Amino acid sequence: MKQLFCFSVLLICTVYHSQSLKDFTVPGGYQKISKTEGDLDKDGTDETVIIFNTDKKANTDDRDDFLRTFFILKNIDGKLKIWKQNNTVLFSSGMGFYPEDNAPPELLIKNNSLSITQIFNSNSRHTQTYKHTFRFQNGDFYLIGSHDRFEDTCEFNYLTEINFSTGKVITDEEYSSCDDEEKDIPKDVHKELIHPFKTLIRMSHFRIGENKLKTPGLKREINY
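Note on numbering: residues in each chain are counted from 1, in written sequence order. Two thresholds apply to this predicted model, a pLDDT of at least 70 for residue-level local features and 80 or more for giving and counting side-chain atom pairs, whereas whole-chain, interface and lining totals are computed over all residues. The basis for every side-chain value is the complete set of non-hydrogen atoms in the structure, without hydrogens or water.

Working definition: helices are DSSP H or I runs of at least four residues, strands are E runs of at least two. Numbering for both runs from the N terminus. The helix and strand tally for the protein chain stands at one helix and 14 strands. Overall, the C-alpha framework of the protein chain stretches about 75 × 50 × 25 Å when taken along its three principal axes. Accessibility here uses a 1.4 Å probe with only protein chains present; expressed as a share of the type maximum, an area under 20% marks a residue as buried, one over 50% as exposed, and anything in between as partly exposed. The buried share among the 224 residues of the protein chain stands at 40%. In what follows, a contact means two residues having at least one pair of non-hydrogen atoms within 4.5 Å. Restricting the contact set of the protein chain to residue pairs at least 6 apart, pairs at least 24 apart contribute 44%.

Laid out in structure tokens, this is it:
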């Protein structure tokens, strides 16, 4: 009887929630650049995630640099409904040294989690890759994984990976040179450690680079 009551309450809450969601229509002036589908809340029905360039400029210079947003949509009775919208995770379209060559952000839903990958050049030699993974739990989306790779065409390749659920942190520093006669090349560094993250960051509160991690096992501070 108790299980039946709990199921009934859950069903009523689910129905009420679905009825309160707004219908989705593409806002005027928005340009779709990425899309994927997959089950994010383990209800057996795929959600739809779409990234847009908005019609709002990120700055006032002459270059086309538009703010970006993404929607997480539920399919209810054949209609797409707005479940979540986020304006904090994505860089603007003009990010980087050669923004016209940037690939659009890559979306992937795997194991009921959403990953967003963004790649750009910070100058003519440096490539920055960010991949952040979010999972729906406790009624909201939380950051559970961070992948940060910073590469130079000749000298270095830095990689930092964080699993916020397990607390595992991996850092790799690989060094090289385009000069065959270069002798003072630093040694590669690989470290793994466990850092307890007491709370997870909500997707709506997350901005890339505004969070810091400093532990005794690492010489440099990690931004994520």
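Okay, back to it.
Note on terminology: disulfide describes a covalent bond linking the sulfur atoms of two cysteines. A pair of cysteine sulfur atoms is labelled a disulfide when the two atoms are within 2.5 Å. Counting across every chain of the model gives one disulfide. Across the disulfide, Cys154 is cross-linked to Cys178 (sulfur-sulfur distance 1.7 Å). Between Cys154 and Cys178 the disulfide shows an S-S torsion of about -95 degrees. By sign, it is left-handed. Residue Cys154 is found in the loop between β9 (140-152) and β10 (156-163), and its partner Cys178 is found in the loop between β11 (168-175) and β12 (189-194); the two are separated by 24 residues along the sequence.

Right, let's talk about the side chain of Thr48 for a bit. Assignment of secondary structure puts Thr48 in strand β3 (residues 47-57). Not counting residues up to four positions away in its chain, the partners in contact with Thr48 are Lys35, Thr36, Glu37, Phe71, Ile72, Leu73 and Leu80.

Turning next to the sheet that holds strand β7 (residues 113-121). Two pairing modes exist for strands in a sheet, parallel and antiparallel, and in both the strands are linked by backbone hydrogen bonds. Read from one edge of the open sheet, seven strands run β6-β7-β8-β9-β10-β11-β12, paired in antiparallel fashion. Pairing within the sheet leaves two strands with one partner each, and these edge strands are β6 (106-110) and β12. Averaged over all adjacent pairs, the angle separating strand axes in this sheet is 10 degrees, with direction ignored. Only strands joined by at least two bridges in the DSSP assignment are considered to pair. Bridging between β9 and β10 involves seven bridges; their strand directions are antiparallel. Within the sheet, the bridge partner assigned to His147 lies in β10 and is Glu161. Between N-to-C directions, angles cover 0 to 180 degrees, with each direction set by a line fitted to C-alpha atoms, over the stretch in contact for helices.

A separate point is the confidence of the model for the protein chain. Confidence of the prediction at every residue is given by pLDDT, a number between 0 and 100. Taken residue by residue, the protein chain gives an average pLDDT of 90. The fraction at 70 or more is 91%. Within the model, the stretch residues 5-16 combines pLDDT values under 50 with zero contacts to residues more than four positions away or in other chains.

Okay, the packing of aromatic side chains next. Any Phe, Tyr or Trp ring, taking Trp's six-membered ring, that has another such ring centre within 6.5 Å forms a pair; planes under 30 degrees apart are called stacked, those over 60 apart edge-to-face, and the others tilted. Tallying each qualifying case throughout the model produces 17 aromatic pairs. Geometrically, the ring pair formed by Phe150 and Phe156 is tilted, given 5.4 Å between the ring centres and 45 degrees between the ring planes. Centroid distance Phe164 to Tyr224: 5.1 Å. Interplanar angle 50 degrees. Geometry classified as tilted. Placement of the pair is Phe164 in the loop between β10 and β11 and Tyr224 in the segment after β14 (222-223), with a sequence separation of 60 residues. Accessibility expressed as a relative area gives 5% for Phe164, which makes it buried. The positively charged end of Lys74 is found above the aromatic ring belonging to Trp83, 4.4 Å away from the centroid. Charge over a ring is defined by NZ of Lys or CZ of Arg lying within 6 Å of the ring centre and within 35 degrees of the ring normal.

Among the structural elements, Thr117 can be located in strand β7. Not counting the four nearest positions on each side in its chain, Thr117 is found in contact with Pro105, Glu106, Thr129, Tyr130 and Lys131.

Right, let's get into the environment of Leu218. When you line up the elements, Leu218 lands in the loop between β13 (212-213) and β14. Owing to a relative accessible area of 9%, Leu218 belongs among the buried residues under this scheme. The spacing of Leu218 and Lys191 is 27 residues in sequence and 7.9 Å in space, taken between C-alpha atoms. Once residues lying within four places of it in the same chain are set aside, the contact partners of Leu218 are Thr171, Lys191 and Leu193.

With antiparallel pairing, five strands are arranged side by side in an open sheet as β1-β5-β4-β3-β2. Each edge of the open sheet carries a strand with a single partner, namely β1 (22-23) and β2 (31-38). As judged from the seven bridges shared by β3 and strand β4 (residues 66-76), these two strands associate in the antiparallel manner. Among the inter-strand pairings, Phe52 is bridged to a residue of β4, identified as Thr69.

This paragraph deals with the pairing of β10. Taken residue by residue, a regular strand's side chains alternate between the two faces of the sheet. Taking the residues that link successive antiparallel strands as the turn, the β9-β10 hairpin has three residues. The loop that links β10 with its antiparallel partner β11 comprises four residues; one of these, Gly167, has a positive phi angle of about 85 degrees.

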